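Observations on chain architecture
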Amino acid sequence: MSFILALDQGTSSSRSIVFDGAGRVVAQAQRELRQRFPQPGWVEHDPMEIWRSQLDTARQALAQAGIAARDVKTLGIANQRETTLLWERTTGRPIHHAIVWQDRRGEPLCAQLRARGLEALVSERTGLVVDSYFSATKIRWLLDNVPGAREAAQRGELAFGTVDTWLLWQLTGGRVHATDASNASRSMLYDIARQRWDEDLLAALDIPASLLPQVHASSHHFGDTDAALLGVSLPVCGMAGDQQAALFGQACVAPGMAKNTYGTGCFLLMHTGNRLLRSRNGLLCTAAAQPGAAAQYALEGSVFVGGAVVQWLRDGLQSIRASSEVQALAESVPDSGGVMFVPAFTGLGAPYWRADARGAILGLTRGSTAGHVARAAIESIAFQSAALLQAMSRDAQEGGGAPVSELRVDGGACVNDLLMQFQADLLGIPVLRPRVTETTALGAAYLAGLAAGVWQVLDELASQWQAERVFTPTMDRDRAQELMARWERAVRQTVAA
Ligand SMILES: Nc1ncnc2c1ncn2[C@@H]1O[C@H](COP(=O)(O)OP(=O)(O)O)[C@@H](O)[C@H]1O
Ligand SMILES: O=P(O)(O)OC[C@H](O)CO
């Protein structure tokens, strides 16, 4: 029997899952990760805590699986993307905490880049918008603010990595400094068409190329783990950013196939095959996980506050005690009673890109209850995702393709049936929830297993995908359009506020 160990290093936790050759979960372990907020708008992680928590969960998962170490064929990594680390090549010592993707400290530098007219170049080369979300301005901040960092970088003594690269470095005992195309594409320094680091952008940001890892396909023999760590040396044969890994784990590997992950935020990705389809509707163009030599692409839209609105109901408003209670509260009323909730707590992401927007609850009356607010909060997750999917379908159609015809879902909030049904109703297409919702880790396992020979072809993986439940739209299309129009009006009011 062949097993695969997948590491899923996420923003809020490190997880490790052992899968069998049929893509079933055999064992899993999880450890929370401490979030550090040293200043408003800043978010950091301790690099050693990332590594140790990940290693601990890997050991636990292997122990729980109760399988012989030699039966584990390979290891795959999926990771929170963009989060930026710099470390000393000789000692492996990080020179600073990791700067997390949510961290906004690069914004003044982004404003300078925009003022210098670099937006078109960034968009053309990287498929991204100029934003501090991506790694480039985080690297630059470290070089400018950590004493001695720029000089050390110029001497070639420092290494840059996103979390995949950092874990690979640690797993291989400091022998391998590499990343994959899907992670590189989130740096704002990578030319996604030519598939190489971009010299013009490196020069524009004054970042030395000596910092950068080698870029490979996502399914590739990156190196072998130090045998002392897991009791056996495992070949690391898969790495991808978590959202691209989830797209792969959902078997969305053909143009037009899309998935939405409902976690803290929501990440909607549509595969565009080997075609670099540039968005004209406010989405990002990014490298999809790359199983072979050919580049693969996806359109992506991110919602900053998805399931986090439920956390706010719990912690901010204290109207529920646990996230799992939200569905019952929302179902205590037949509809939102005209209440519209725009959870723009940290601005609005795609397709609006309004960093200045702030949250609002609109349409309150004397009859409004906590149930109406909870229902509006749940609906806001679906409204934001629907706006992304509509933009995506427009991009697909303008590019000569078909609109998205079904949506695969995953993430912590996809357990909410009310949310999933409302999503299907708004979109007018089926929403498919898979049996294995650990799609991020599964994607990493698939990528590793393909390179290690556990599976031979993509079709084998696609046939493993099974729906646990299909949510079919039941809402009248006129009603759905009317609701979307009300949502867009609410967004406009939020932006103006
Ligand atoms: N029953 C539920 N209904 C709606 N949202 C939920 C429910 N259960 C959990 N969530 C939300 O799901 C999110 C956690 O999902 P997860 O995929 O673990 O997130 P992440 O990977 O971003 O840490 C939280 O924001 C939580 O509020
Ligand atoms: O760690 P997650 O699952 O919240 O994902 C974070 C994304 O990769 C950020 O781009």
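What counts and what doesn't
Residues numbered from 1 in each chain as written. Chains lettered and ligands numbered in written order. Predicted model: local features only at pLDDT ≥ 70, side-chain atom pairs only at ≥ 80, totals over all residues. Heavy atoms only, no water. Salt bridge = Lys/Arg side-chain N within 4 Å of Asp/Glu carboxyl O. Helix = DSSP H or I, 4+ residues; strand = E, 2+ residues; numbered from the N terminus. Near = heavy atom within 4 Å. Polar contact = N/O pair within 3.5 Å; in protein donor to acceptor, adjacent residues only side chain to side chain. Areas by Shrake-Rupley, 256 points an atom, 1.4 Å probe, with all protein chains shown as cover. Nonpolar A, V, L, I, M, F, W, Y, C, P; charged D, E, K, R; others polar. Buried < 20%, exposed > 50% of the residue type's maximum accessible area, 1.4 Å probe, protein only. Arc of directions from axis to C-beta. Contact = heavy atoms within 4.5 Å. 1 Å grid on protein atoms, 1.4 Å probe; cavity = no way out; pocket = protein on both sides within 12 Å on 5 of 7 lines; lining within 4 Å. Points joined across faces, edges and corners; volume = space filled by probe spheres on them. pLDDT = per-residue confidence, 0-100. UniProt positions renumbered as here; feature names shortened; annotations may be inferred. Pairing = 2+ DSSP bridges. Phe/Tyr/Trp six-rings, centres within 6.5 Å; stacked < 30°, edge-to-face > 60°. Lys NZ or Arg CZ within 6 Å of the ring centre and 35° of its normal. Axes fitted to C-alpha atoms, helices over the stretch in contact; angles between N-to-C directions. Parallel < 35°, antiparallel > 145°, perpendicular 65-115°, else oblique. Core = buried A, V, L, I, M, F, W, Y, C linked by side-chain atoms within 4.5 Å.

Describing the pattern of salt bridges
- Using the criterion set out here, one finds 33 salt bridges in the structure.
- When the shortest N-O distance is used, the salt bridge between R114 and E107 registers 3.0 Å.
- Residue R375 pairs with E379 through a salt bridge whose shortest N-O separation is 3.9 Å. Placement of both R375 and E379 in helix α13 (residues 370–398) is noted, with a separation of four residues, approximately one turn of the helix.

Comments concerning the site of ligand 2
- Taken together, G10, T11, Q80, R81, E82, W101, Y133, D242, Q243 and F267 are the residues near ligand 2.
- In the model, an oxygen atom of ligand 2 is placed 2.6 Å from a nitrogen or oxygen of the T11 side chain.
- Within the side chain of Y133, one N or O atom sits 2.8 Å away from an oxygen atom of ligand 2.
- Coverage of ligand 2 by the protein amounts to 86% of the 310 Å² it exposes when considered alone.
- For the shell around ligand 2, the residue count by class is three nonpolar, four polar and three charged.

What to know about helix α2 (residues 107–115)
- All of the buried residues along α2 are L109, C110 and L113. Projection of α2 onto a plane perpendicular to its axis shows the buried side chains occupying an angular sector of 100°, all on one side. Opposite the packed face of α2, turned more than 90 degrees from it, sit the exposed residues P108 and A115.
- Packed against the buried residues of α2 are α4 (136–145) and α8 (199–205).
- Within two residues after α2, G117 carries a phi angle of roughly 75°, on the positive side.

As for the layout of surface pockets
- As a volume, the second largest pocket reaches approximately 240 Å³.
- D335, E379, F422, M475 and L483 are, among the 17 residues lining the second largest pocket, the residues nearest its centre.
- Looking at the lining of the second largest pocket, the elements that each hand over two or more residues are α13, α14 (417–427) and α17 (477–496).
- Per-element tally for the lining of the second largest pocket: the top contributor is α14, with four residues.
- Of the residues that constitute the lining of the second largest pocket, the class distribution is seven nonpolar, four polar and six charged.

Digging into the confidence of the model for the chain
- Per-residue confidence for the chain gives a mean pLDDT of 94; residues scoring 70 or more make up 100%.
- Confidence metrics for the complex model read pTM 0.93 and ipTM 0.97.

Focus on the UniProt feature "binding site: ADP" (unreviewed entry) in the chain
- If you check UniProt for "binding site: ADP" (unreviewed entry), the listed places come out as T11, R15, T264, G307, G412 and N416 in our numbering.
- Mapping T264 onto the fold places it in the loop between β15 (258–262) and β16 (266–271).
- A relative accessible area of 40% means that T264 is categorised as partly exposed.
- Apart from the residues lying within four places of it in its own chain, the contact partners of T264 are F304, V305, G306, G307, A308 and Q311.
- Within the fold, G307 resides in the loop between β18 (297–303) and α11 (308–315).
- Apart from the residues within four sequence positions on either side, G307 is in contact with G263, T264 and I381.

Some details on the pairing of strand β2 (residues 13–20)
- Burial analysis of β2 places eight of its eight residues in the buried class, the great majority of the element.
- Burial of β2 is two-sided: the residues S13, R15, I17 and F19 facing one way and the residues S14, S16, V18 and D20 facing the other way are all buried.
- Two elements, strand β1 (residues 3–9) and β2, share seven bridges in a ladder whose sense is antiparallel. Pairing of F3 across the sheet is with D20, part of β2.
- Linking two consecutive strands that pair antiparallel, namely β1 and β2, is a turn of three residues.
- Across seven bridges, the pairing between β2 and strand β3 (residues 25–32) is antiparallel. Each bridged residue has a counterpart across the sheet, and for S13 the counterpart in β3 is E32.

What about the side chain of D131?
- Looking at where D131 falls in the secondary structure, it is placed in the loop between α3 (119–126) and α4.
- Side chain to side chain, D131 and R104 meet in a polar contact 3.3 Å long.
- Apart from the residues lying within four places of it in its own chain, the contact partners of D131 are R104, C110, R114, M188 and W353.

Some points on the packing of aromatic side chains
- Applying the stated criterion to the full structure yields 13 aromatic pairs.
- Between Y190 and W197 the ring centres are 5.5 Å apart and the planes differ by 75°, which places this aromatic pair in the edge-to-face class.
- When the ring centre of W42 is taken as reference, the NZ or CZ atom of R105 above it lies at 3.7 Å.
- One residue, R105, lies across the ring of W141, its end atom 4.4 Å from the ring centre.

Thoughts on the packing of helix α10 (residues 242–249) against helix α15 (residues 439–452)
- Where α10 contacts α15, the axes come no closer than 7 Å and their chain directions differ by 75°. With respect to each other, α10 and α15 are oriented roughly perpendicular. Where α10 abuts α15, its residues D242, A245, A246, F248 and G249 lie against T439, T440, L442, G443, A444, Y446, L447 and L450.
- When the residues that make up the contact of α10 with α15 are grouped by side-chain class, the tally is eight nonpolar, four polar and one charged.

Description of the UniProt feature "binding site: ATP" (unreviewed entry) in the chain
- On the UniProt side, "binding site: ATP" (unreviewed entry) is annotated at positions that read T11, S12, S13, T264, G307, Q311 and G412 here.
- Setting aside residues no more than four positions away along its own chain, T11 makes contact with L33, Q35, H45, Q80, V100, W101 and Q102.
- For G307, a relative accessible area of 13% translates into the label buried.

Regarding the nonpolar core
- In this structure, Y262, F383, L407, L419, M420 and L426 are the most contacted members of the largest nonpolar core, which totals 62 residues.
- Top element by residues in this core is α13. It accounts for 15 residues.
- Excluding residues within four positions of it along the chain, L419 makes contact with Y262, I378, I381, A382 and A413.
- In terms of nonpolar packing, the next biggest core, distinct from the first, is built from 52 residues, W42, I95, W101 and A287 among them.

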